[in-house]
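One letter stands for each residue in the lines below.
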Amino acid sequence: MKTICFLVLNIAMALPPCRAQTQVPNAHALDDGLALTPPMGWYPWNTFGQEPQNEKLIRDIVDALVASGMKDAGYSYVGPDEGICFSRGSDGKLTSNLERYPSGLRKLGDGIHRKGLKYALYTDAGTLTCSRAMPGTKDRELEDMQCFAQWRTDYVKIDWCNTEGQDVVRTYTTLHDAQHAAGRPIVHSLCSWGEGEPWKWAASVGHLWRMGTDISNPAGKVDWQLALKIAAENQKLYSWAGPGHWNDPDMLIVGMPGLSEAQNRSLFSFWCMMAAPLIAGNDLRNMSASTVRVLTNPEAIAINQDPLGVQGHIVRTSNPLMVDIWAGKPLFDDSQAVLLFGYGCPSNIFDIKLSEIGFGREKVLFVRDLWRHTTEERAIGPDGTISFQVEPNDVQFLRISKSKDFPLPPVIVADTYLISLRASGASPERLAGTINLTNKGSSDLPPWKVRQDLPAWLSVSVAKNGKTQTVANTVSTSGLKNGLYHAVVRLDNTEPISGKPMSAVYYDIDLDVPQDVGGATK
């Protein structure tokens, strides 16, 4: 059967101007609406390295991600990271490694989409991947991006190994152009480990970029001090980040062996405060209750997923107490995120000036503790300061507001991203499939907007039922020829409090017409 494909896209929504003096290039997300808040998901490299990545592991992790509540918390991207998942065939095209992934990479992705999750894969910009076990994209950029599109990939991490003689800007730009030509919207995660200072140029060709070294060795070896160093370096780049273009300090090591609960809590708070991608790297099949609580804390995730997309940073380090004050992160409801971290100092009372954390001469403020989930009304002293208790090697993660209310921004969870329909014969008929999108945030959203230049055989409508919106997809088979039909549908929305655009939702519709269909649908 021949395959007939339609790509259904919406008009890109304009992003606000960058808030800092730094001149950031036009964001790639201006075109595709992807990753307007930091991506959330899971990759296997930190815990498993190359082995034992295979189809069973990925499917088991998908099940664990759903069962643990991580999907409902907003984690969505999942898939192999290297994992020897493909090779290059004699025709020059990528082909699935069926020994490790017996269903093939397309069917693996379909299974992930049916769970209401998004499909992540991996490649390299050079001749070979970092392990040298898989082919890179050099001189095959268009063919490889076409293959990722055919596998229905939603997110691709692109390493920078074996790239001798290549220009980093030109290479990643070529990959961006190839992905656009392939026609499928895909989040591009660029991983040059800071080579070429990607924060200065990569916003126009990708959605996130690694700013430095790997955070851990494969097979689960973590280094607390290295993680602190990476966070300290990443926060300096705050002015380059924003909706659709993020500094990436690497995957999370929360929940990996060797870290205490306080260390897990602290690192997760840093990543949330920095508006960093939340890509978990632990073994989701064997998590403690404490790890689950950290990774799924909705109030911490709300700081990370705030629609303003501002990256917080250190505004003052107090010596000799060795306490860092993180601020500079206004939120969508006019509250402010504040983080305090003490580097091994004794427990102490620490004073902060209101001017350091985005306030003026308020007499009273409300302080929300994002880990204890408590709210306190605090009177401000005559000197314009507010005091907090700081414990050694632990974090205070706070949200401070003039209001006692602390709404959560939208976090969208889908029941599926794939609708598969099949005509029953030669008589015309109407077929239907739905996708349910649930907002885990506080506010009701406006109806999702569907681009209406759909293929003639497809119509889409949206109905609201509280915080869940049902997207109804109706297919008319009248007059269709034998073949496989495919469409990618895009939905857009706006966060109602800030008025900022939300990340676009894309989903796939497959229609199998086994024989020519005549007449009008009855």
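Numbers given for residues are sequential positions, taken from 1 along each chain in its written order. Where totals are concerned, whole chains, interfaces and linings use all residues; where local detail is concerned, this predicted model gives features only for residues with pLDDT of at least 70, and gives and counts side-chain atom pairs only at 80 or more. Note: side-chain values were computed over all heavy atoms of the structure, leaving out hydrogens and water.

1. So, the packing of helix α8 (residues 224-235) against helix α9 (residues 261-273)
Worth spelling out the cut-off: To get an axis, a line is fitted to the C-alpha atoms, and for a helix only the part in contact is used. The angle between two axes follows their N-to-C directions and goes from 0 to 180 degrees. By definition, any uninterrupted DSSP run of H or I lasting at least four residues is a helix, any uninterrupted run of E lasting at least two residues is a strand, and each is numbered from the N terminus. An angle below 35 degrees is read as roughly parallel, one above 145 as roughly antiparallel, one from 65 to 115 as roughly perpendicular, and any other as oblique. Take the far helix as the reference: if the near one is turned anticlockwise from it by less than a right angle, the crossing is left-handed, and if turned clockwise, right-handed. Contacts are residue-level and defined by heavy atoms, with any inter-residue pair within 4.5 Å sufficient.
One way to put it is that α8 packs onto α9 with a least axis distance of 11 Å and a crossing angle of 20 degrees. Taken together, the axes of α8 and α9 are roughly parallel relative to one another. As α8 runs across α9, the sense of the crossing is left-handed. The segment α8 lies against α9, with Trp224, Ala227, Leu228 and Ala231 engaging Gln263, Ser266, Leu267, Phe270 and Trp271.

2. So, helix α6 (residues 141-150)
Our working rule: Partly exposed residues are those whose accessible area sits between 20% and 50% of the maximum for their type, while under 20% is buried and over 50% is exposed, using a 1.4 Å probe and protein chains only.
When we look at burial in α6, the residues that qualify are Glu141, Asp144, Met145, Cys147, Phe148 and Ala149. Tucked into the core, α6 has its buried residues touching β4 (86-88), β5 (94-96), β6 (118-124), β7 (155-159), α7 (168-182) and β8 (187-191). Directly beyond the C-terminal end of α6, a positive phi value near 65 degrees is found at arginine 152.

3. Overview of the side chain of threonine 137
Relative to the assigned elements, threonine 137 resides in the loop between β6 and α6. Residue classification places threonine 137 among the buried positions, given a relative accessible area of 0%. The contacts of threonine 137, once residues within four sequence positions are left out, are Thr123, Asp124, Ala125, Gly126, Asp144 and Leu175.

4. Description of the state of the cysteines
Covalent bonding between the sulfur atoms of two cysteines is what defines a disulfide. Note the following rule: Disulfide assignment relies on a single distance test, namely cysteine sulfur atoms paired within 2.5 Å.
For the structure shown, the criterion picks out one disulfide. Disulfide pairing places cysteine 130 opposite cysteine 161 at an S-S distance of 2.0 Å. Between cysteine 130 and cysteine 161 the disulfide shows an S-S torsion of about 90 degrees. By sign, it is right-handed. With cysteine 130 in the loop between β6 and α6 and cysteine 161 in the loop between β7 and α7, the pair connects residues that are 31 residues apart, well separated along the chain. Classification of cysteine 130 as partly exposed rests on a relative accessible area of 30%. Using a relative accessible area of 16% as the deciding quantity, one classes cysteine 161 as buried. Free cysteine cysteine 85: the closest other cysteine sulfur is in cysteine 147, separated by 10 Å. Judged by relative accessible area, which is 0%, cysteine 85 ranks as buried.

5. Some points on the nonpolar core
Test applied: Among buried residues, those of type Ala, Val, Leu, Ile, Met, Phe, Trp, Tyr and Cys that are joined through side-chain atoms within 4.5 Å constitute a nonpolar core.
Counting 85 residues, the largest nonpolar core has Tyr75, Tyr172, Phe268, Phe270 and Trp271 as its most contacted members. Here tryptophan 271 is in contact with Ile215, Ala227, Ala231, Pro249, Asp250, Leu252, Ala276, Pro277, Leu278 and Asn304, once residues within four sequence places are set aside. Within the second largest apolar cluster, 28 residues are counted, among which are Tyr417, Leu421, Met502 and Val505.

6. Considerations on the packing of helix α3 (residues 55-67) against helix α5 (residues 105-114)
Here α3 crosses α5 at 10 degrees, and the two axes come no closer than 11 Å. It follows from the interaxial angle that α3 and α5 lie roughly parallel. Contacts from Glu55, Ile58, Arg59 and Val62 of α3 reach α5 at Lys107, Leu108, Gly111 and Ile112.

7. Describing the sheet that holds strand β16 (residues 336-342)
Sheets are built from strands that pair by backbone hydrogen bonding, the pairs being arranged parallel or antiparallel. Cut-off, in case you're wondering: Whether two strands pair depends on DSSP finding at least two bridges between them.
Taken together, the six strands give an open sheet; going across it, the order is β14-β15-β16-β21-β18-β19, and neighbouring strands pair in antiparallel fashion. Edge positions in the open sheet fall to β14 (313-318) and β19 (374-379), since each of these has one partner strand only. Along the sheet, successive strands turn relative to each other by an average axial angle of 25 degrees, direction set aside. As paired elements, β14 and strand β15 (residues 323-330) share five bridges and run antiparallel to each other.

8. Here we look at the sheet that holds strand β26 (residues 458-465)
The four strands lie next to each other as β22-β24-β27-β26, forming an open sheet whose pairing is antiparallel. Each edge of the sheet is formed by a strand with only one pairing partner; in this case those strands are β22 (412-414) and β26. Geometrically, the sheet is characterised by an average inter-axis angle of 25 degrees between neighbouring strands, direction not taken into account.

9. Comments concerning the pattern of salt bridges
Two side chains carrying opposite charge are able to pair once their charged atoms lie near each other. The following threshold applies: Salt-bridge detection follows one rule: a side-chain nitrogen of Lys or Arg within 4 Å of a carboxyl oxygen of Asp or Glu.
Using the criterion set out here, one finds 30 salt bridges in the structure. Arginine 316 is the partner of glutamate 356 in a salt bridge, and the nearest nitrogen-oxygen pair spans 2.4 Å. You can see glutamate 356 sitting in the loop between β17 (348-353) and β18 (364-369) and its partner arginine 316 sitting in strand β14, a full 40 residues away along the chain. Classification of glutamate 356 by relative accessible area gives buried; the value is 16%. The exposure class assigned to arginine 316 is partly exposed, which follows from its relative accessible area of 27%. Here the salt bridges do not stand alone but share partners, grouping Arg106, Asp110, Arg152 and Asp510 into one network.

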